[in-house]
Amino acid sequence: MPADGKTNKILFLNEYLQAPKSQGAGLAESAKLMPIQVGQTMTITNFLDGTSDTCGLVQARYGLMLHWRFDRYIGRSLGHYGEWCEGEMTLMGSACRPGDVVVDAGANVGSHALAFARAVGPEGQVHAFEPQLETASLLGANAAINGLRQIHMHPLALAEHEQTLSVRPLFYDRSEQNVGGVSLQTDGLGRATRAEALDRYLDPPSLRLIKADVEGMELSVVNGAAGLIHQFHPLLYLENDRVERSKALIEGVQALNYRLYWHRVMLFNPNNFAGNSENLFPGVVSTNMVAAHESDHLTGPELIPVHPDEHPSLPDWPGRHKPIE
């Protein structure tokens with residue numbers, strides 16, 4: 001109850017869309033775009049003054065998705081193509097079955113988490129970790145508006161052990177930034193965010209897949225999940241685009257009795273969900289590794305084995321002539 005004794009008026013979404021401008025209904029104007037069509041983005045304007053256009057809502061491949069319009073990569077891809085790095089999901093999604101448990105570390109707004117949720121179904125679990133608070137809010141909203149209760153949103157980071165890290169804030173007044181490229185720091189500058197070791201934080205009934213895209217902290221995530229990895233032998237899908245950290249990451253995963261293979265994906269998918277033929281990311285590649293326990297048999301097109309002293313960014317990489325998905 002407010003201090004003046006007046007009751008707050010609660011507007012549900014259908015009421016808000018019809019609310020007068022005096023109630024800050026910038027969204028009422030955009031509501032004329034509903035229902036959202038494939039390839040169409042609705043701008044979500046600021047509730048207070050109707051001037052901001054930080055968010056968009058798009059009908060994407062795996063459901064309706066809120067995204068950052070100023071984001072150079074994920075937001076831009078969702079807005080134009082209705083998907084993000086679908087080549088990654090083609091591989092990871094094929095490994096997921098109804099009822100599986102998946103961990104998505106560095107989930108961003110949930111483009112992959114929604115896909116995982118569709119694959120594991122209502123009896124499965126998708127534990128999506130995102131330490132950027134504003135982005136985690138969009139992740140939770142995307143799970144909610146699609147009715148995907150199997151997505152469990154965790155607004156924190158995964159690491160080797162429990163600690164407090166800092167994350168730089170988003171700048172809404174900048175025209176473009178890489179939201180998915182924000183690294184966590186230990187310098188205390190920025191907003192404090194909690195980090196947990198997966199072994200201590202989660203007690204799942206099973207574990208099919210761990211995906212980690214955490215800007216150089218992939219080895220820390222793996223080390224913090226070593227117990228669960230030994231117990232369940234999940235498939236690992238790890239970003240590895242930093243040459244200076246590559247060898248340690250590879251050797252750390254190999255020490256868990258895993259075989260690793262390179263998986264490189266072009267950001268632009270010519271068969272994208274929106275049918276948009278314009279390539280906004282010419283030549284840009286997502287470099288990852290897929291790892292399977294030695295007791296499992298992993299097959300796939302053009303799988304290139306990983307060696308600690310090799311990396312796709314180096315000119316003498318033996319797989320440089322192999323086609324990229």
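Each chain carries its own residue numbering, running from 1 in the direction its sequence is written. Predicted model: local features are reported for residues with pLDDT of at least 70 only, side-chain atom pairs are reported and counted for 80 or more only, and whole-chain, interface and lining totals are derived from all residues. Calculation of side-chain values draws on the structure's entire complement of heavy atoms; hydrogens and water are dropped beforehand.

(A) Layout of the overall build of the protein. Here a strand is any run of E in DSSP of at least two residues, a helix any run of H or I of at least four, and the numbering for each starts at the N terminus. Helix and strand content of the protein: 10 helices and 14 strands. Taken over 325 residues, the protein has a buried fraction of 49%. Between two residues, a contact is recorded if the distance between any of their heavy atoms is within 4.5 Å. Residue pairs at least 24 apart in sequence account for 67% of intrachain contacts in the protein once pairs closer than 6 positions are excluded. Categorising residues by exposure relies on relative accessible area from a 1.4 Å probe, with only protein chains included: less than 20% of the type maximum marks a residue as buried, more than 50% marks it as exposed, and the intermediate range marks it as partly exposed.

(B) Looking closely at empty space enclosed by the protein. Note on definitions: the grid is 1 Å and covers protein atoms alone; a cavity is a set of points where a 1.4 Å probe fits but cannot get out; a pocket is an open set with protein on both sides within 12 Å along at least five of seven lines; lining residues have an atom within 4 Å of a point. Grid points are joined across faces, edges and corners, and a volume is the space filled by probe spheres set on the points. All chains considered together, the criterion is met by 1 cavity of 30 Å³ or more. One number sums up the size of the largest cavity: a volume of about 70 Å³. Looking at the largest cavity, the residues that line it are Ala60, Arg61, Tyr62, Met65, Leu78, Gly82, Glu83, Trp84, Glu86, Met89, Ser111 and His112. Residues that form the lining of the largest cavity fall into these classes: 6 nonpolar, 3 polar and 3 charged. Classification used: nonpolar for Ala, Val, Leu, Ile, Met, Phe, Trp, Tyr, Cys and Pro, charged for Asp, Glu, Lys and Arg, polar for all others including Gly.

(C) Structural view of the sheet that holds strand β9 (residues 191-196). Taken together, the 3 strands give an open sheet; going across it, the order is β7-β9-β8, and neighbouring strands pair in mixed fashion. This sheet does not close on itself; its edge strands, each paired only once, are β7 (157-158) and β8 (163-167). When DSSP locates at least two bridges between a pair of strands, those strands are taken to pair. Judged from the 2 bridges that link them, β7 and β9 form a sheet pairing that is parallel. Residue pairing in the sheet places Ala157 in a bridge with Ala195 of β9.

(D) Quick look at the sheet that holds strand β13 (residues 285-293). If you trace the 8 strands from one edge of the open sheet to the other, you get β6-β5-β4-β10-β11-β13-β12-β14, paired in mixed fashion. Strand pairing shows two members of the sheet lacking a second neighbour, β6 (151-154) and β14 (304-305), which therefore form its edges. Of the pairings in the sheet, the one linking strand β4 (residues 101-105) to strand β10 (residues 209-212) comprises 4 bridges and is parallel in character. In the strand pairing of β10, Val103 is matched with Ile210. Of the strands in this sheet, β10, β11 (235-239), β12 (258-266) and β13 touch helix α4 (residues 86-95), which is tilted by about 140° from β12. The axes are straight lines fitted to the C-alpha atoms, using for helices just the contacting stretch, and the angles between their N-to-C directions are given from 0 to 180°.

(E) Molecular detail of the packing of α4 against helix α5 (residues 111-120). Between α4 and α5, whose axes approach to 10 Å, the crossing angle comes to 30°. In terms of axis orientation, α4 runs roughly parallel to α5. The element α4 and its partner α5 pack so that their crossing is right-handed. In this structure, α4 uses Glu88, Met89, Met92 and Gly93 to contact α5, whose residues at the interface are His112, Ala115, Phe116 and Ala119. For the contact of α4 with α5, the per-class residue count stands at 5 nonpolar, 2 polar and 1 charged. Each angle is binned into one of four classes, with values under 35 degrees roughly parallel, values over 145 roughly antiparallel, values of 65 to 115 roughly perpendicular, and all other values oblique. For a crossing to be left-handed, the near helix must be turned anticlockwise from the far one by less than a right angle; the clockwise case is right-handed.

(F) Seen up close, the environment of Val214. With respect to the helices and strands, Val214 occurs in the loop between β10 and α8 (218-224). Assessed through its relative accessible area of 17%, Val214 is described here as buried. Residues Val214 and Asn108, spaced 106 residues apart in sequence, show a C-alpha to C-alpha distance of 9.9 Å. Contacts of Val214, omitting those with residues within four sequence positions, involve Ala105, Gly106, Val221 and Glu239.

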